[in-house]
Amino acid sequence: MVMAMEKKISVVIPTYCRPLLLMECLKSLARQKFARDDFEVIVISDGPDHLTKQLVVSWKHTGLLDIVYVPLATKRGPAAARNMGWKLAAGTLVAFTDDDTLPDPLWLQSIWDAYQQEELIAYSGRVIVPLPEKPTDYEWNIAQLERARFITANCVCTWKALELIQGFDERFELAWREDSDLEFKLLQQQIPIHHLPEAIVVHPVREASWGVSLREQRKSMFNALLYKKFPGLYRNYIKQHPIWSYYVMTLCCLVLLAALLLNAPAVAFAAVTIWLLLLTGFIWKRLMHTSHAWPHVVEMIVTSVLIPFLSVYWNLYGAVRFRVLYL
């Protein structure tokens, strides 16, 4: 059912069990140089979340934000949460951000100033990731969001555009590639996407536990789904080719095991040599722009040994799960 448009902009924020982060995001939204009655904030929890509900209710009582809390019945991922949000939106424009961002005070005004009453249009704002002088590998990777073409930490679509492309694909159950999928659907429908460098969202890097890069590999399974849906766009804008070094390193270890079983020392030596050369290059690449503090160096060495195996596994898992020939 199409809802009557009563607001200029609806801000949709997916969240789950992160009330302290959400609090800072809401503080930034309360400081917007944009009339309070012209925008609303829709907080969608990815499952019931009592503390987040209390937080949103407390903000509603302040009168500083027109805000609502809606939980999903079960945990289904940020794509499903965002779909719930935009379908409830009363705004002509729907702006997406995350619970760990800090929108600039002129964020919404910059978006509205750019809007020329087009029925079908989308915008991609600017993301700033503050970094220490010597970032960790995790911090460096998050900082690459600044170069992203289109991410849900700072993007806007007209309600009509979201309706036409049917929003987010809820098969993207983790926060990975669901934004590229939305972008590719907009491109497929020839809906213009304009970049707004003046619409700024700051994205601080959260603290991460040791070995976070290993857990991040699980997201790789959704590369296969995006590739299945948009093979050409995927190769043009995401990855031109697989990370062949990961497959070669994995193959070298399998060859090494076979050589040891078959008592073929020359083959074993060749496999170990190739693996060590590729591993050294991988470690050096990760340390090139990051901290050289010894705990971080140790983490990079250990995780660099394991990442190729995990990446290959999750990419092949995604290929099987989504029934697509993908490496």
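Quantities reported herein were computed from a predicted structural model and do not represent experimental measurements.

Calculation criteria
- Residues numbered from 1 in each chain as written.
- Predicted model: local features only at pLDDT ≥ 70, side-chain atom pairs only at ≥ 80, totals over all residues.
- Heavy atoms only, no water.
- Helix = DSSP H or I, 4+ residues; strand = E, 2+ residues; numbered from the N terminus.
- Rg over C-alpha atoms; globule rule 2.2 N^0.38 Å.
- Buried < 20%, exposed > 50% of the residue type's maximum accessible area, 1.4 Å probe, protein only.
- Contact = heavy atoms within 4.5 Å.
- Areas by Shrake-Rupley, 256 points an atom, 1.4 Å probe, with all protein chains shown as cover.
- Lys, Arg positive; Asp, Glu negative; His and termini not counted.
- Charge placed at Lys NZ, Arg CZ, Asp CG, Glu CD.
- Axes fitted to C-alpha atoms, helices over the stretch in contact; angles between N-to-C directions.
- Parallel < 35°, antiparallel > 145°, perpendicular 65-115°, else oblique.
- Left-handed = near helix turned anticlockwise from the far one by under 90°.
- Nonpolar A, V, L, I, M, F, W, Y, C, P; charged D, E, K, R; others polar.
- Core = buried A, V, L, I, M, F, W, Y, C linked by side-chain atoms within 4.5 Å.
- Polar contact = N/O pair within 3.5 Å; in protein donor to acceptor, adjacent residues only side chain to side chain.
- Salt bridge = Lys/Arg side-chain N within 4 Å of Asp/Glu carboxyl O.

The subject of this paragraph is the overall build of the chain. On a plain count of helices and strands, the chain comes out with 13 helices and eight strands. Taken over C-alpha atoms, the radius of gyration comes to 22 Å for the chain, in line with the 20 Å a tight globule of 327 residues would show. Of all 327 residues assigned to the chain, the portion counted as buried reaches 48%. Considering only intrachain contacts with a sequence separation of at least 6, the fraction spanning at least 24 residues in the chain is 81%. By element, 62% of the accessible surface of the chain is carried by carbon and sulfur atoms, the whole surface being about 16400 Å². Positive and negative side-chain charges of the chain, numbering 33 and 31 respectively, have mean locations separated by a distance of 6 Å.

Here we come to the packing of helix α1 (residues 19–30) against helix α2 (residues 50–62). It is at 10 Å that the axes of α1 and α2 come closest, and there the two elements cross at 20 degrees. Classified by the angle between their axes, α1 and α2 sit roughly parallel to one another. When you trace α1 past α2, the crossing you get is right-handed. Contacts between α1 and α2 involve P19, L22, M23, L26, K27 and A30 from the first element and L51, T52, L55, V56 and W59 from the second. Considered class by class, the residues forming the contact of α1 with α2 number nine nonpolar, one polar and one charged.

What follows covers the nonpolar core. Counting residues in each nonpolar core, the largest one holds 30 residues, and the members touching the most others are I9, V11, L26, L29, V41, W107 and I111. Among all residues touching V41, those that are not within four sequence positions of it are V11, I13, L26, L29, L65, D66, I67 and V68. Counting 24 residues, the second largest nonpolar core, distinct from the first, contains I42, V70, A81 and L162.

Positionally, S180 belongs in helix α7 (residues 178–188). Using a relative accessible area of 7% as the deciding quantity, one classes S180 as buried.

What follows is about unusual backbone geometry. In the Ramachandran plot, Q166 falls in the positive-phi region, its phi being about 65 degrees despite a non-glycine side chain. Phi at N263 is positive, roughly 55 degrees, even though this residue is not glycine. Locating N263 in the fold gives a position in the loop between α11 (244–261) and α12 (265–287). Among the residues examined, N263 registers a relative accessible area of 65% and is labelled exposed.

When you line up the elements, E24 lands in helix α1. Taking the C-alpha atoms as reference points, E24 and D66, separated by 42 residues in sequence, lie 16 Å from one another. In terms of polar contacts, E24 uses its side chain to reach the side chain of K27, at 3.3 Å.

A few words now on the pattern of salt bridges. Within this structure, the stated rule accounts for 19 salt bridges. As a salt-bridge pair, D38 and K8 come within 3.4 Å of each other at their nearest N and O atoms. Of the two residues, D38 is situated in the loop between α1 and β2 (39–45) and K8 in strand β1 (residues 7–15); the sequence distance between them amounts to 30 residues. Residue classification places K8 among the partly exposed positions, given a relative accessible area of 28%. In this structure, the salt-bridge partner of D37 is R36, at a minimum N-O distance of 2.9 Å. Looking at D37, the relative accessible area reads 52%, which means it is exposed. Owing to a relative accessible area of 33%, R36 belongs among the partly exposed residues under this scheme. Salt bridges linked by common partners bring D169, R171, D181, K185 and K229 together as one network.

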